[in-house]
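Examining the three-dimensional arrangement
Each chain, letter by letter, is given below.
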Amino acid sequence: LPPRELRAGLAEVIKYGAIRDARFFRWLEQERTALLAMDEEALALAIAASCEHKAEIVARDPLEKGERALLNFGHTFGHAIETEQGYGGVGNDNLNHGEAVAIGMVLAARLSADLGMAPATDADRLESLLRDYGLPVRLPAGLAPEALLARMRLDKKNVAGHLRLVLWRGLGQAEVVPDVDEARVLGVLSG
C-alpha cells in the first residue's frame, strides 16, 4: 500500500484499541515503528486482532441493533468531514476516510472528556498515538463547525432528531450515548 493508505487503514486498527481493548492500544503504541515499516509479522498481528474484534462484535449484533454501533467510533464526525469536503483524498487535498475517522476519534474523545465521561489524559493519549502514526488530528482549515454539525444531524444512528454518538469512558470503553447536547458538540468542533 502507499504510505498514506497504510496510515489510513491503521486508523481503523487503532479504533479497536480505543473502543474495546486497552492492551491492544498499548501494543499499537509500542509497535508503531514496525507497523509503519510494514513489518509482516506486526501487520499480521494487527490485522488478526482487528478482525477478531470486529467478528466478535458483529456476531453478537448481526443486525446492528446495539453493540455493533461501537464500530462507528469517530465515524459520525469523520463522515461529516468527508461530506463537507466533497469526499476524496486520492489526488487532491481532501482527507481520505481513515484520516477523517482519525480526526473524528479525537473529537469524540475530546467530547467525552468535555462531558465528564472520560479522562482528558486518555484523549491526549489517543491524539498522540494517531499523530505518531502520521494521521491528522485537527479539523482542516475552512470547515465551518455549524456545517459539520448539520451533517452530523443526518447520521443514521440518530434517534428522533437527537444526536446519538459513540463516545467513551476512556481507553477500551466505548458506548453509544443518546441525546448528546448539540451545543457541547459544537464547542468541540469549534475548539
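Residues numbered from 1 in each chain as written. Predicted model: local features only at pLDDT ≥ 70, side-chain atom pairs only at ≥ 80, totals over all residues. Heavy atoms only, no water.

1. So, the pairing of strand β1 (residues 165-168)
Where burial is concerned, the two faces of β1 agree: the one with Leu-165 and Leu-167 and the one with Val-166 and Trp-168 are both buried. Alignment of β1 against strand β2 (residues 174-177), held across 4 bridges, turns out to be antiparallel. Bridging across to β2, Leu-165 finds its partner in Val-177. The turn linking β1 back onto β2 is made up of 5 residues, and Gly-170 within it adopts a positive phi angle of 130 degrees. (Buried < 20%, exposed > 50% of the residue type's maximum accessible area, 1.4 Å probe, protein only. Helix = DSSP H or I, 4+ residues; strand = E, 2+ residues; numbered from the N terminus. Pairing = 2+ DSSP bridges.)

2. Some words on the nonpolar core
Judged by nonpolar contacts, the single largest core of 60 residues is most densely connected at Phe-73, Phe-77, Leu-126, Leu-130, Trp-168 and Val-185. Residue contributions to this core peak at 10 residues, all from helix α6 (residues 97-114). Contact partners of Trp-168, with chain neighbours within four places excluded, come to Ala-18, Phe-73, Ala-109, Ser-112, Met-117, Ala-118, Asp-122, Ala-123, Leu-126, Gln-173, Ala-174 and Glu-175. (Core = buried A, V, L, I, M, F, W, Y, C linked by side-chain atoms within 4.5 Å. Contact = heavy atoms within 4.5 Å.)

3. Points about helix α8 (residues 145-152)
Every buried residue of α8 is accounted for by Pro-145, Leu-148, Leu-149 and Met-152. Angular distribution of buried residues about the axis of α8 spans 100 degrees; they occupy a single face of the element. Of the surrounding secondary structure, the elements contacted by the buried residues of α8 are α5 (75-85), β1 and α9 (182-190). (Arc of directions from axis to C-beta.)

4. Looking at the pattern of salt bridges
Considering all chains together, one arrives at 16 salt bridges under this definition. One salt bridge connects Arg-20 with Glu-56, and the closest N-O pair in it is separated by 3.0 Å. Separated by 36 residues along the polypeptide, Arg-20 in helix α1 (residues 3-20) and Glu-56 in helix α4 (residues 40-60) bring together distant segments of the chain. For Glu-56, a relative accessible area of 30% translates into the label partly exposed. (Salt bridge = Lys/Arg side-chain N within 4 Å of Asp/Glu carboxyl O.)

5. Overview of the environment of Gly-78
Turning to its location among the elements, Gly-78 is positioned in helix α5. Distance from Gly-78 to Leu-143, taken between C-alpha atoms, is 12 Å for residues 65 residues apart in sequence. Setting aside residues no more than four positions away along its own chain, Gly-78 makes contact with Ala-100, Val-101 and Gly-104.

6. Here's the deal with the packing of helix α2 (residues 22-30) against helix α7 (residues 120-132)
Axis angle and axis distance: for two packed helices, these are the angle between their axes and the distance between the axes, and together they describe the pair. Where α2 meets α7, the axes come as close as 10 Å, and the angle between the chain directions of the two elements is 40 degrees. Between α2 and α7, the crossing angle belongs to the class labelled oblique. For the pair α2 and α7, the crossing hand works out as left-handed. Residue-level inspection shows Phe-25, Arg-26, Leu-28 and Glu-29 of α2 in contact with α7, the latter providing Arg-125, Leu-126 and Leu-129. Among the residues forming the contact of α2 with α7, the class breakdown is 4 nonpolar, no polar and 3 charged. (Axes fitted to C-alpha atoms, helices over the stretch in contact; angles between N-to-C directions. Parallel < 35°, antiparallel > 145°, perpendicular 65-115°, else oblique. Left-handed = near helix turned anticlockwise from the far one by under 90°. Nonpolar A, V, L, I, M, F, W, Y, C, P; charged D, E, K, R; others polar.)

7. Brief notes about the packing of aromatic side chains
Using the criterion set out here, one finds 2 aromatic pairs in the structure. Measuring from ring centre to ring centre gives 5.9 Å for Phe-24 and Trp-27, while their planes differ by 10 degrees; the resulting arrangement is stacked. Taken as a pair, Phe-24 and Trp-27 lie in helix α2 at a separation of 3 residues, close to a single helical turn. Pairing Phe-73 with Trp-168 gives two aromatic rings, centres 5.6 Å apart and planes at 35 degrees, and the pair type is tilted. Of this pair, Phe-73 sits in the loop between α4 and α5 while Trp-168 sits in strand β1; the two residues are 95 residues apart in sequence, bridging distant segments of the chain. Like Trp-168, Phe-73 is buried. (Phe/Tyr/Trp six-rings, centres within 6.5 Å; stacked < 30°, edge-to-face > 60°.)

These values are about where atoms sit, not about what they do.
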